[in-house]
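Results of the structural survey
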Amino acid sequence: MKKYNIAVIGGDGIGPEVIGETIILLKATELEFKFSYAEGGYEAYKKYKTPLPTETISTCKKCDAILFGAVTTPPHIEKYKSPIISLRKLFDLYANVRPFVSLPIPSQRQDINIILFRENTEDLYMGEEYKIPGGAVAKRIITKKASKRIIQTAFETAVKKNRKKVTVVHKANVLRLTDGLFLKIAQSLSKKYPGIIYEEMLVDSCAMQLIKKPESFDVIVTTNMFGDILSDEIAGLTGGLGVAASANIGRTQALFEPVHGSAPKYAGKNIANPLASFLSACLMLEYLGEMRTAVKIRKAIDSTLRNKYMTKDLGGTASMTDFTKKVISYYNYP
C-alpha cells in the first residue's frame, strides 16, 4: 500500500483546529499517510516576517498534495499577500474546483448538484493594484492560455462525470476585451463537446438564477473574481461556508482547503464545523485516486447529518471533536 506524503498548513484561527480533526479522520481510514507540517498565514508572518516561509514552499514541493486550513489577511499591512494566493501562483494551481451537493440539513435546498470551475491564476482577485492621484487602479488580466485551460477542464470533467450542461458565466456586454476573450474561447471549445449542452449567462443574471432555480445548473465555469463571489452564494444554499470544500489543481501539484475563513473569534472553543475540511479531504483523496475511501467518508458524513448530529452553525449542539468522532463511528460501521 502506498504511503501518501501530505503537506499540512493549518494557518490561523480555526484553521489548525479543523485540519487537526481532518487528520484524525484520515488516520481512521485504511490508508497510510505521512503528514509533513508547515507554517503559513498571519501567525507565520509575525514570526518570520513572511506569510509563506521558504521552508513551507520546500515542504510543499516534496509532497503528494497540500492540505490547507484557513488564514487571516490583516488589512492594515499594505503589502501583505495571502499565502494561498502565492501558492496558487507558485504551483500554477489554475483550476479552483468547488462542488456543491445538497446535504440533509434542515432549511437548505435539497436539489443542488453543481460543480463550479473558477480560473485561479489571474483576474482582479490576484490583487495587482497601484495608486494614482486621487485613487487607485486594480489590474484585471485575462489571457488566452488561462481561459482555455480552465474552460477545457470544465468540459472534460463534465464528460468524465456524465454531466449534461456547462454554463459559461461572464460580463462580456461591458468588459468586451477581457470577458469577450473568455467567452470567445468558450464558444470555440464548446464545439468539441457536442454531447454537452452549452449555455452562456451574464454574471448578474447567474446570481439571480442561482437563487430562483439552482437545480437548473450543472457545471459552471467562470473567471476568478466572479467565481469567488458565486461560489459563496451557492454555499449559502447548501449549508453555508462551514460545509463548502474546494480543490486547487495544477498539472503537478494540488491544494485542498475549506472555503471558510479563519474565524479567530471561534478559535479554541471546540465549536468550529470541520465538515468543509472533511469534504476537502475527500477531494484530495479523489485526486490521489482513492475514490473508495472518499465515497466512504461522504457516506459517513451523510449518515451523521441524517441522524441530526450537527455543529452549532448548522443548528445542532455537537462540539467539533464529538462531530469528528461520530463521523468516524459511521465510517467504521459495517
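Just above sits the structure.
Thresholds, definitions, all that
- Residues numbered from 1 in each chain as written.
- Predicted model: local features only at pLDDT ≥ 70, side-chain atom pairs only at ≥ 80, totals over all residues.
- Heavy atoms only, no water.
- 1 Å grid on protein atoms, 1.4 Å probe; cavity = no way out; pocket = protein on both sides within 12 Å on 5 of 7 lines; lining within 4 Å.
- Points joined across faces, edges and corners; volume = space filled by probe spheres on them.
- Helix = DSSP H or I, 4+ residues; strand = E, 2+ residues; numbered from the N terminus.
- Buried < 20%, exposed > 50% of the residue type's maximum accessible area, 1.4 Å probe, protein only.
- Polar contact = N/O pair within 3.5 Å; in protein donor to acceptor, adjacent residues only side chain to side chain.
- Contact = heavy atoms within 4.5 Å.
- Axes fitted to C-alpha atoms, helices over the stretch in contact; angles between N-to-C directions.
- Parallel < 35°, antiparallel > 145°, perpendicular 65-115°, else oblique.
- Left-handed = near helix turned anticlockwise from the far one by under 90°.
- Phe/Tyr/Trp six-rings, centres within 6.5 Å; stacked < 30°, edge-to-face > 60°.
- Expected span 1.5 Å × (residues − 1).
- Disulfide = S-S within 2.5 Å.
- Pairing = 2+ DSSP bridges.

The calculated volume of the largest pocket comes to roughly 1000 Å³. Every residue lining the largest pocket is counted, 33 residues in all, and those nearest its centre are Pro99, Lys161, Leu283, Glu286 and Arg298. If you list the elements that add at least two residues to the lining of the largest pocket, you get strand S4 (95-101), strand S5 (113-119), helix H5 (144-160), strand S11 (245-249), helix H9 (275-287) and helix H10 (291-306). By residue number, the principal contributor to the lining of the largest pocket is H10, which donates 6 residues.

As a further point, take the side chain of Ser262. Relative to the helices and strands, Ser262 resides in the loop between strand S12 (254-258) and H9. On the basis of relative accessibility, which here comes to 6%, the residue Ser262 falls in the buried class. A polar contact is formed between the side chain of Ser262 and the side chain of Thr72, at a distance of 2.6 Å. Setting aside residues no more than four positions away along its own chain, Ser262 makes contact with Asp12, Gly13, Ile14, Ala70, Val71 and Thr72.

This part takes up the packing of H9 against H10. For the pair H9 and H10, the least separation of the axes is 7 Å and the interaxial angle reads 160°. Considering their axes alone, H9 and H10 lie roughly antiparallel with respect to each other. The handedness of the crossing between H9 and H10 is left-handed. In contact with Leu275, Phe278, Leu279, Cys282, Leu283, Leu285 and Glu286 of H9, H10 contributes Met291, Thr293, Ala294, Ile297, Arg298, Ile301 and Leu305.

Moving on, we get to the packing of aromatic side chains. One pass over the full model with this rule turns up 9 aromatic pairs. Ring geometry for Tyr4 versus Phe33: centroids 6.1 Å apart, planes at 40°, classification tilted. Residue Tyr4 is located in strand S1 (residues 3-11), and its partner Phe33 is located in strand S2 (residues 32-38); the two are separated by 29 residues in the primary sequence. The exposure classification of Tyr4 matches that of Phe33, with both residues buried. Pairing Tyr45 with Tyr80 gives two aromatic rings, centres 5.3 Å apart and planes at 70°, and the pair type is edge-to-face.

Another aspect to go through is helix H6 (residues 178-190). The first and last C-alpha atoms of H6 sit 19 Å apart over 13 residues, in line with the 18 Å expected at 1.5 Å per residue. Close packing links the buried residues of H6 with H5, strand S8 (165-170), strand S9 (197-202), strand S10 (219-222) and helix H8 (224-237).

This paragraph deals with the state of the cysteines. Chemically, a disulfide is nothing more than a covalent bond linking the sulfur atoms of two cysteines. For the structure on display, the rule yields 0 disulfides. Here Cys60 is not disulfide-linked; the sulfur of Cys63 is the nearest cysteine sulfur, at 6.6 Å.

Moving on, we come to unusual backbone geometry. With a phi angle near 40°, Ala263 is a residue other than glycine that sits in the positive phi range. Locating Ala263 in the fold gives a position in the loop between S12 and H9. At Asn270, a position not held by glycine, the phi torsion is positive, near 60°. Counting through the fold element by element, Asn270 comes out in the loop between S12 and H9. Looking at Asn270, the relative accessible area reads 26%, which means it is partly exposed.

Below, the discussion takes up the sheet that holds strand S3 (residues 65-70). Strand order in the open sheet made by the 10 strands is S2-S1-S3-S12-S11-S4-S5-S10-S8-S9, with mixed pairing throughout. Two strands close off the open sheet at either side, each with one partner strand: S2 and S9. Taking the axes of each pair of neighbouring strands and ignoring which way they run, one obtains an average angle of 25° across the sheet. Looking at chain direction, S1 and S3 are connected through 5 bridges and run parallel. Looking at the pairing, Ile9 lines up with Phe68 of S3. Taken strand by strand, helix H7 (residues 203-212) contacts S5, S8, S9 and S10, and its axis lies near 105° from that of S9. Seen against the sheet, H9 touches S1, S2, S3, S4, S11 and S12 and runs at an angle of roughly 160° to S12.

Keep in mind these numbers describe shape, not what the thing actually does.
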